[in-house]
Amino acid sequence: MVTDVTQTVTIPDTGPPVVTTQTEIELAGLVLQINVDRIDDNGFVSLSVAPSIAAPTQVFDTGQGNIVLLSRRQLSSGQVRVRDSQTLLLSGIIQESERSTVNKIPILGDIPILGALFRSTSTDSNRQELIILLTPQILDDSDQSVFGYQYTPSEQVQEVLENRSR
């Protein structure tokens with residue numbers, strides 16, 4: 001979570017201005033929204049996926065708190081129809097950054113034309129891509145299934161459950 005401080009300045013008719021500080025908390029990280037619209041009888045799942053990722057980029061100190069800027073990227077898959085246990089691959093949230101660093105000898109590196117002999121520049125490129133693999137599995141919750149209310153544990157599992165409660 002990232003805390004964000006917002007200041008509002010109100011100027012009344014008489015007297016000094018009033019500064020109001022308000023703190024907002026916003027989530028940072030990966031948020032994966034999945035909306036299952038339909039599960040067909042023939043083993044297909046209709047769904048939509050909307051991942052978003054937020055990361056802090058810069059922090060500013062205001063004296064009364066910090067203001068944190070968030071970089072947010074999001075993707076929407078639209079309506080997708082996937083067979084049971086088939087993997088859906090989502091990609092497209094890409095972040096690229098490039099940083100240039102200049103190293104120089106003070107004063108000599110600032111001289112026009114000759115200064116190039118006393119300084120060096122290095123560039124670092126960084127690329128990050130978020131890839132999501134989603135595999136829906138339809139669980140059988142009928143009377144014949146081994147999941148849910150009709151589950152009967154084996155003798156070994158029953159023994160572990162009974163000994164754990166003591």
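Attention now moves to the overall build of the protein chain. When helices and strands are counted, the protein chain shows one helix and eight strands. Relative to all contacts within the protein chain whose residues are 6 or more apart in sequence, the contacts with residues 24 or more apart total 51%. Just so you have it, the protein chain exposes about 13,300 Å², and 51% of that area is on carbon and sulfur atoms.

Glancing now at the packing of aromatic side chains. Applying the stated criterion across every chain yields a total of zero aromatic pairs. The positively charged end of Arg81 is found above the aromatic ring belonging to Phe44, 4.2 Å away from the centroid.

Let's shift gears to the nonpolar core. One finds Val45, Leu47, Val49, Val80, Val82, Leu88, Leu90, Ile132 and Leu134 forming the largest nonpolar core, which totals nine residues. Elements with a contribution of two residues or more to this core: strand E4 (44–61), strand E6 (79–83), strand E7 (88–104) and strand E8 (119–134). Considering each element in turn, this core owes the most residues, three residues, to E4.

What follows deals with the side chain of Asp40. By secondary structure assignment, the location of Asp40 is in the loop between strand E3 (29–39) and E4. Separated by 2.9 Å, the side chains of Asp40 and Arg81 make a polar contact.

On to the environment of Val49. In this structure, Val49 sits in strand E4. For Val49, a relative accessible area of 2% puts it in the buried group. Taking C-alpha positions, Val49 is 8.7 Å from Val36, a pair spaced 13 residues apart along the chain. Beyond its immediate sequence surroundings of up to four residues, Val49 is in contact with Leu32, Gln33, Ile34, Leu75, Ser76, Ser77, Gly78, Leu88, Leu90 and Leu134.

A contiguous nonpolar patch, built from Ile105, Leu108, Ile111, Leu114, Leu117 and Phe118 and spanning about 530 Å² of accessible area, is present on the exposed surface. Mapping Ile111 onto the fold places it in the loop between E7 and E8.

Turning next to the environment of Ala116. Along the chain, Ala116 falls in the loop between E7 and E8. For the pair Ala116 and Lys104, spaced twelve residues apart in sequence, the C-alpha separation works out to 8.8 Å.

A few words now on the pairing of E4. As judged from the ten bridges shared by E3 and E4, these two strands associate in the antiparallel manner. Counterpart to Arg38 in the pairing with E4 is Ser46. Counted along the chain from E3 to the antiparallel partner E4, the turn is four residues long, and its residue Gly43 has a positive phi close to 90°. Here five bridges tie E4 to E6, and the two strands are oriented antiparallel to one another. Paired with Phe44 across the bridge in E6 is Arg83. Judged from the nine bridges that link them, E4 and strand E5 (residues 66–74) form a sheet pairing that is antiparallel.

Take the pattern of salt bridges next. Summed over all chains, the structure comprises five salt bridges. A salt bridge links Arg38 to Asp40; the nearest nitrogen and oxygen atoms lie 2.5 Å apart. Notably, a salt bridge pairs Lys104 with Asp110, separated by 2.4 Å at the nearest N-O pair. With relative accessibility at 43%, the residue Lys104 sits in the partly exposed group.

For the rest of this paragraph, the subject is unusual backbone geometry. Most of the time, phi is negative for any residue but glycine, and the peptide bond is trans. Even without a glycine there, the phi angle at Ile107 is positive, about 70°. On the secondary structure map, Ile107 appears in the loop between E7 and E8. Positive phi, close to 65°, is recorded for Ile113, a residue that is not glycine.

Reading guide: rules and limits
Residues numbered from 1 in each chain as written. Predicted model: local features only at pLDDT ≥ 70, side-chain atom pairs only at ≥ 80, totals over all residues. Heavy atoms only, no water. Helix = DSSP H or I, 4+ residues; strand = E, 2+ residues; numbered from the N terminus. Contact = heavy atoms within 4.5 Å. Areas by Shrake-Rupley, 256 points an atom, 1.4 Å probe, with all protein chains shown as cover. Phe/Tyr/Trp six-rings, centres within 6.5 Å; stacked < 30°, edge-to-face > 60°. Lys NZ or Arg CZ within 6 Å of the ring centre and 35° of its normal. Core = buried A, V, L, I, M, F, W, Y, C linked by side-chain atoms within 4.5 Å. Buried < 20%, exposed > 50% of the residue type's maximum accessible area, 1.4 Å probe, protein only. Polar contact = N/O pair within 3.5 Å; in protein donor to acceptor, adjacent residues only side chain to side chain. Patch = residues over 30% accessible without salt bridge, like charges linked within 9 Å, V, L, I, M, F, W, Y side chains within 5 Å. Salt bridge = Lys/Arg side-chain N within 4 Å of Asp/Glu carboxyl O. Pairing = 2+ DSSP bridges.

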